[in-house]
Amino acid sequence: MVNMINANDPKLKSWVEVPNNSDFPIQNLPFGIFSTEKKNKRVGVAIGENIIDLASLKELGYLNELPFSAEDFNNSYLNAMMQHGKFAVRALRDQVSFLLDQKNDELQSNKNHYDLVLDNQSIANLHLPIEIGDYTDFYSSEQHAYNVGCMFRDPDNALLPNWKHIPVGYHGRSSSVIASGVPIHRPKGQQKPDDQPNPVFGPCKLLDFELEMGFFTFDGKPLGDSITTAEADDYIFGMCLFNDWSARDIQKWEYVPLGPFLAKNFASSMSPWIVTLDALQPYKIPGPKQYPDVLPYLEYKGDKHYDIDLEVAIKIPNGEEKIVSKSNFKNMYWNMNQQLAHHTINGCDIRCGDLLASGTISGDQKEAYGSMLEISWKGTQPITMPDGSTRKFINDGDTVIMRGTAQNKDIKIGFGEVSTLVLPAK
Ligand code: CA
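1. Quick look at empty space enclosed by the protein
Empty space among the atoms becomes apparent when a probe as large as a water molecule is rolled across them.
Phase 1 of the analysis: The final tally for this structure, using the stated rule, is three cavities of 30 Å³ or more.
Phase 2 of the analysis: If you add up the space inside the largest cavity, you get close to 50 Å³.
Phase 3 of the analysis: Ranked by residues supplied to the lining of the largest cavity, first place goes to helix α4 (residues 86-100) with four residues.
Phase 4 of the analysis: Each of domain 1 (31-127) and domain 2 (135-423) contributes no fewer than three residues to the lining of the largest cavity.

Here's what the structure looks like:
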């Protein structure tokens, strides 16, 4: 399959300058929605420090062999483009790669045209790229589930009996999924202090990030049908970094018996560039051995986990940054194919633009834990920041930044970042 995707060829080089450490070499070509002073919102593809404007590229006739209309690119969201499905989007990425290849003169030699289609990222605004339909959040990292089980139950029975049989998940809220750069206000809500008989109301005191990755779907099958683990790749468009904000004190009081509600639905932040599942094919690796054996509908063949380095930094109000976690997407017990197969096994349908998130991704070392709840172990082990202040959770004025890169011996591709400033409660 890897060989069929021309745009993944590690030998390709672009005539558009790409700095050595860039997240966006020609082998990546992630999709997003951007605008500039002169251009309204439209579909773009990142290359080095630039964006190639697909609306203008279409207008100039460079995408004529493909099934896309002008409105598919002259659009505030990627959904219309995604509606064409996996193989059309793959052909589109291949065509963009072909036009950016240094061996191809077509666009490279036409300065009038490339001035029209290339915009520097420094003058562009990046927006929420997808009109998100439904949002589902899983709980698929074993170390994270174990850590939370240890803290709130007991280390000998940290994982609940269903955990190794079911990719546990719940339906989240899509209206409050926001793009990187959009600040959030500290949420307010009910909390029940252990030493008080009644709940109190006020700003959350234990605001936390969750280091996650999300994936977006193409249109699925009709209601009543299921997507198998073998078919799942064809229904996944691409991935982003995802910070699933959590109010731990609100969560603790509200989550029994139906699970998280207001503790989770006030905001989730995503990175603006969607790295296609196609671009991630060279970074596939085997997953952990799953024992006990999973039920047949969750079995899968081949490598379906991905080696993607992840990090979380907290930038304090004076501008200094501290990296508080270094994890990896390979720390998933359940892979995306299993999540999608499980989600649809009862006949639940998925639609173009649905978001499925991984759940907090924690590795087995303390340095790889994916939330402050785990890093500070419920607030019992504060961490020290560059200015000498300490953190158990996130303070007002802090900016939480997540980054991700996939690297093999040939090429590094990246996700850019998701960065969110926390403002005081309204
Ligand atoms: Ca979550």
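Continuing now.
2. Overview of the sheet that holds strand β26 (residues 412-423)
Phase 1 of the analysis: Strands sit in the order β9-β26-β25-β20-β21 across an open sheet of five strands; the sheet is mixed. Each edge of the sheet is formed by a strand with only one pairing partner; in this case those strands are β9 (184-185) and β21 (321-328).
Phase 2 of the analysis: As defined by bridge partners, strand β20 (residues 309-315) adjoins strand β25 (residues 399-407) across seven bridges and the pair is classed as antiparallel. In the strand pairing of β25, Ile-314 is matched with Val-400.

3. Things to note about the layout of surface pockets
Phase 1 of the analysis: Roughly 750 Å³ of internal volume is contained in the largest pocket.
Phase 2 of the analysis: Along the wall of the largest pocket there are 30 residues; nearest its centre are Tyr-139, Val-148, Gln-251, Tyr-255 and Pro-260.
Phase 3 of the analysis: Those elements that provide at least two residues to the lining of the largest pocket are β6 (135-138), α7 (142-152), β7 (169-171) and α8 (248-254).
Phase 4 of the analysis: Considering each element in turn, the lining of the largest pocket owes the most residues, four residues, to α7.

4. What about the domain arrangement of the protein?
You'll often see interface size given as the accessible area lost when the parts meet.
Phase 1 of the analysis: When cut into domains, the protein gives domain 1 (31-127) and domain 2 (135-423).
Phase 2 of the analysis: Distance between the C-alpha centres of domain 1 and domain 2: 30 Å.
Phase 3 of the analysis: Residue-level contacts link 19 residues of domain 1 with 18 residues of domain 2.
Phase 4 of the analysis: Counting the surface lost from both domain 1 and domain 2, the interface buries some 1600 Å², and carbon and sulfur atoms represent 64% of this.
Phase 5 of the analysis: For the salt bridge of Lys-86 with Asp-278, the shortest nitrogen-to-oxygen distance reads 3.9 Å.
Phase 6 of the analysis: One can count five residue pairs in polar contact (both at pLDDT 80 or more) joining domain 1 with domain 2.
Phase 7 of the analysis: Breaking the side of domain 1 that touches domain 2 down by element, the ones donating at least two residues are β1 (31-35), β2 (42-47), α3 (79-82), α4 and β5 (125-127).

5. Some remarks on α7
Phase 1 of the analysis: Most of α7 sits out of view: eight of its 11 residues are buried.
Phase 2 of the analysis: Every buried residue of α7 is listed here: Gln-143, His-144, Ala-145, Asn-147, Val-148, Gly-149, Cys-150 and Met-151.
Phase 3 of the analysis: Buried residues along α7 sit against α10 (372-375).

6. Re the sheet that holds strand β4 (residues 118-120)
Phase 1 of the analysis: Strand order in the open sheet made by the five strands is β4-β3-β2-β1-β5, with antiparallel pairing throughout. Both outer strands of the open sheet, β4 and β5, are each paired with one neighbouring strand and no more. The mean angle between the axes of side-by-side strands here comes to 50°, regardless of whether they run parallel or antiparallel.
Phase 2 of the analysis: The strands touched by α4 are β1, β2 and β3 (50-53); relative to β1, the strand with the most contacts, the crossing angle is about 65°.

7. Here's the deal with the pairing of β3
Phase 1 of the analysis: Of the two faces of β3, the one carrying Asn-50 and Ile-52 and the one carrying Ile-51 and Asp-53 are both buried.
Phase 2 of the analysis: Inspection of the sheet shows β2 paired to β3 by four bridges, in the antiparallel sense. Looking across to β3, one finds that Gly-44 is bridged to Asp-53.
Phase 3 of the analysis: Where β2 hands over to β3, the hairpin turn is made up of two residues, of which Gly-48 adopts a positive phi near 55°.

What counts and what doesn't
- Residues numbered from 1 in each chain as written.
- Predicted model: local features only at pLDDT ≥ 70, side-chain atom pairs only at ≥ 80, totals over all residues.
- Heavy atoms only, no water.
- 1 Å grid on protein atoms, 1.4 Å probe; cavity = no way out; pocket = protein on both sides within 12 Å on 5 of 7 lines; lining within 4 Å.
- Points joined across faces, edges and corners; volume = space filled by probe spheres on them.
- Helix = DSSP H or I, 4+ residues; strand = E, 2+ residues; numbered from the N terminus.
- Domains from an automatic or database assignment.
- Pairing = 2+ DSSP bridges.
- Contact = heavy atoms within 4.5 Å.
- Buried area = accessible area lost by both parts, 1.4 Å probe.
- Salt bridge = Lys/Arg side-chain N within 4 Å of Asp/Glu carboxyl O.
- Polar contact = N/O pair within 3.5 Å; in protein donor to acceptor, adjacent residues only side chain to side chain.
- Buried < 20%, exposed > 50% of the residue type's maximum accessible area, 1.4 Å probe, protein only.
- Axes fitted to C-alpha atoms, helices over the stretch in contact; angles between N-to-C directions.

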